[in-house]
Every structure is written in structure tokens, then in C-alpha cells.
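Structural features, examined
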Amino acid sequence: SEANGVALNPGQSTLVRQMATSGARLQLAIAPAGSGKTTAMRALAQAWAEGGGTVLGLAPSAAAADALRTQMEQDTDTLAKLVHTLTDPHGQATPPAWFGQIGPQTLVVIDEAGMADTLSLDLVVAHVLARGGSVRLVGDDQQLAAIGAGGVLRDIAATHGVLHLSELVRFADPAEGAASLALREGRTEALGFYLDRDRVHVGDQTTMTADAFASWQADRANGLDSIMLAPTRELVSELNQRARAHRLTGTDPAAVGPVRRLADG
């Protein structure tokens, strides 16, 4: 990996080494957002493939599967595709091309595993193990949970142990990385970092909505990427319509292009 211009930090190196050489059929890694999971998984996939194995990536959503494909440069798909193939009551589901390739040399990496429901994970893991393959679950037990019954990552961690990525590489400021991890753990003192740096603004909903929109405008004007988040669909719709009106100000209507009205107006 280093020869190809991507140096792993000690935590990433340990994760890749243990996942590749443990001999475990099922293994879990907890990786908070920004901890370099993508880089580690790419190195793991390359190492496994160069060792003569095949790698398959699965994720709970199509967007996550697409991101995983870009990261690992291996076959990836959704968990639902495999579950559908395995559970089709009429046996008429067309298996994906990679389905028949799962075997003793296969490593299946399930990304964003914390967002996958336990029943789907159980079905997929059982199938891969029955075919002689191995599974690596990668996720964050503190993130948005599965819509279905979940929580199995914490059970696995408590019973069988877990690998961790704990050094954040997303932030230029190490203090911000530390504050992010503390906030993730629900430690209220982490708020001090953001308060001290004027990252938190307080006011009534009308004032905060106007401030958020003004900040978004300023960011856009400075060429920055910016996103507005709001607590209700109504407020999201209002902000989106204001943003659209702002972007179309002074634009020739004939140059706008196709327009479609969404369900919220």
C-alpha cells in the first residue's frame, strides 16, 4: 500500500493485518466516521486478492455499495440482492453474476454493518460460511441503526471481541478529531470545543432558519460545499424552495432546463 502512495497509520495496519491473517471465519471492526476505514478496506481487499482469493463487498444500500465498489475496486452489491436470491420462495430469482463465485477463498466485506438488520446479516453470514467463505463486518455501533431489528454488532463485540479504528484522519486539527469522538460517545464536555470556536449558534426557529440560509449563501458564494439540515419536512421544503429561488435569480427561464414538482410542493 505504501509503495502505491497510500501509507496506513498504525491502527489501519493492525486492522488489515488482523483481518487478513486471523483465520477467523467472522470478524467485526468498529470504525467511526472519518477513521480511515476506506483506506484500510482497500488495502485488505488488495492483499486478499494478491494472496489468490476473491473479495466481495456488500452494503445495506445501493449508494453504500456503489461507494464500496469505488473504494475496493472489487465486485460489490446490496445485502438485499443476496437475501432476495436466497429467500425467493419460487426459486426464480436471477442470481447476480458473483453469486456462484462465493467459496473457500472468498472474503465477503459487509460495510456499514450497523445499518443492516440482524436477520439479513444472519442469513448472509450463514450462507457464506456454508460455502466455506469468510466474512468481515465493518461498521459503527453508534451510527444510525437498522430499520429492522438490530444491535447484533454490540453482542458480537461483547462476546467475541472486536477490532477498532480509533484515530480520526478526516480532520486537519487533532483536537477536532478528539472532540468528534467524544461527541459520538455522548460526552457533554465535547460541546466545549464547538462552543469555543463559535460553531454553535442559538436562537428561535425563525432566526436560525434565516441564519442557516445566509450561511449557505455565503459558503456557495465562496465556492465551498455546504448543506442545510432541518428538523422537519416542512422546514426542509421551505429552505429548499428558498435556495432554488436564490439560484434562479436573474436566470433566463428558458435556460433553467427540465423541472419537476416534488411531493412536498
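One can find the structure itself at the top, above this paragraph.
The present account deals with the structure reproduced in this document. Quick caveat: nothing in here was measured; it's all calculated off a predicted structure. (Residues numbered from 1 in each chain as written. Predicted model: local features only at pLDDT ≥ 70, side-chain atom pairs only at ≥ 80, totals over all residues. Heavy atoms only, no water.)

Brief notes about the nonpolar core
Core analysis: the largest hydrophobic core is formed by 22 residues, its most contacted members being Leu58, Ile110, Val124 and Leu137. Only strand S1 (26–30), strand S2 (54–59), helix H4 (79–87), strand S4 (106–110), helix H5 (118–130), strand S5 (134–139) and helix H6 (152–160) provide two or more residues apiece to this core. In terms of residue count, H5 provides more of this core than any other element does, 4 residues in total. Dropping the residues within four chain positions of it, Leu137 is found in contact with Met19, Leu26, Gln27, Leu28, Ala29, Ile110, Ala113, Leu121, Leu153 and Ile156. (Core = buried A, V, L, I, M, F, W, Y, C linked by side-chain atoms within 4.5 Å. Buried < 20%, exposed > 50% of the residue type's maximum accessible area, 1.4 Å probe, protein only. Helix = DSSP H or I, 4+ residues; strand = E, 2+ residues; numbered from the N terminus. Contact = heavy atoms within 4.5 Å.)

Structural notes on the pairing of S5
On a regular strand, each side chain points to the face opposite its neighbour's, so the side chains alternate between the two faces of the sheet. Burial runs high along S5: 6 of the 6 residues are buried. Covered by surrounding structure in S5 are Ser134, Arg136 and Val138 together with Val135, Leu137 and Gly139, the residues of both alternating faces. When S1 meets S5, the two strands line up parallel, connected through 5 bridges. Looking at the pairing, Leu28 lines up with Leu137 of S5. Examined bridge by bridge, S4 and S5 share 4 bridges and lie parallel to one another. Pairing of Val109 across the sheet is with Arg136, part of S5. Taken together, S4, H5 and S5 constitute a β-α-β crossover, and its handedness is right-handed. (Pairing = 2+ DSSP bridges. Right-handed = clockwise from strand over helix to strand, strands pointing away.)

With respect to helix H3 (residues 62–72)
Because the α-helix completes a turn every 3.6 residues, residues three or four places apart line up on one side. Buried within H3 we find Ala64, Ala65, Leu68, Gln71 and Met72. Viewed along the axis of H3, the buried residues span an arc of 120 degrees, placing them on a single side of the element. Opposite the packed face of H3, turned more than 90 degrees from it, sit the exposed residues Ala63 and Thr70. Contact partners of the buried residues in H3: helix H2 (37–50), S2, strand S3 (75–78) and S4. At the exit of H3 stands Glu73, carrying a positive phi of roughly 55 degrees. (Arc of directions from axis to C-beta.)

Brief notes about the packing of helix H1 (residues 10–21) against H2
H2 packs onto H1 with a crossing angle of 35 degrees between their chain directions and a minimal axis gap of 9 Å. Here H1 runs over H2; the crossing is right-handed. Here Gln12, Leu15, Val16, Met19 and Ala20 of H1 come into contact with H2, specifically with Thr39, Ala40, Met41, Ala43, Leu44 and Trp48. Considering only residue class, the contact of H1 with H2 consists of 9 nonpolar, 2 polar and no charged. (Axes fitted to C-alpha atoms, helices over the stretch in contact; angles between N-to-C directions. Left-handed = near helix turned anticlockwise from the far one by under 90°. Nonpolar A, V, L, I, M, F, W, Y, C, P; charged D, E, K, R; others polar.)

Focus: the sheet that holds S3
Strand order in this open sheet of 6 strands is S3-S2-S4-S5-S1-S6, and the pairing throughout is parallel. Strands with a single pairing partner mark the edges of an open sheet, and in this sheet they are S3 and strand S6 (163–164). Looking at chain direction, S2 and S4 are connected through 5 bridges and run parallel. Each residue of the ladder has a partner; that of Thr54, found in S4, is Thr106. Contacts from H4 reach S2, S3 and S4, with the element oriented near 75 degrees to S3.

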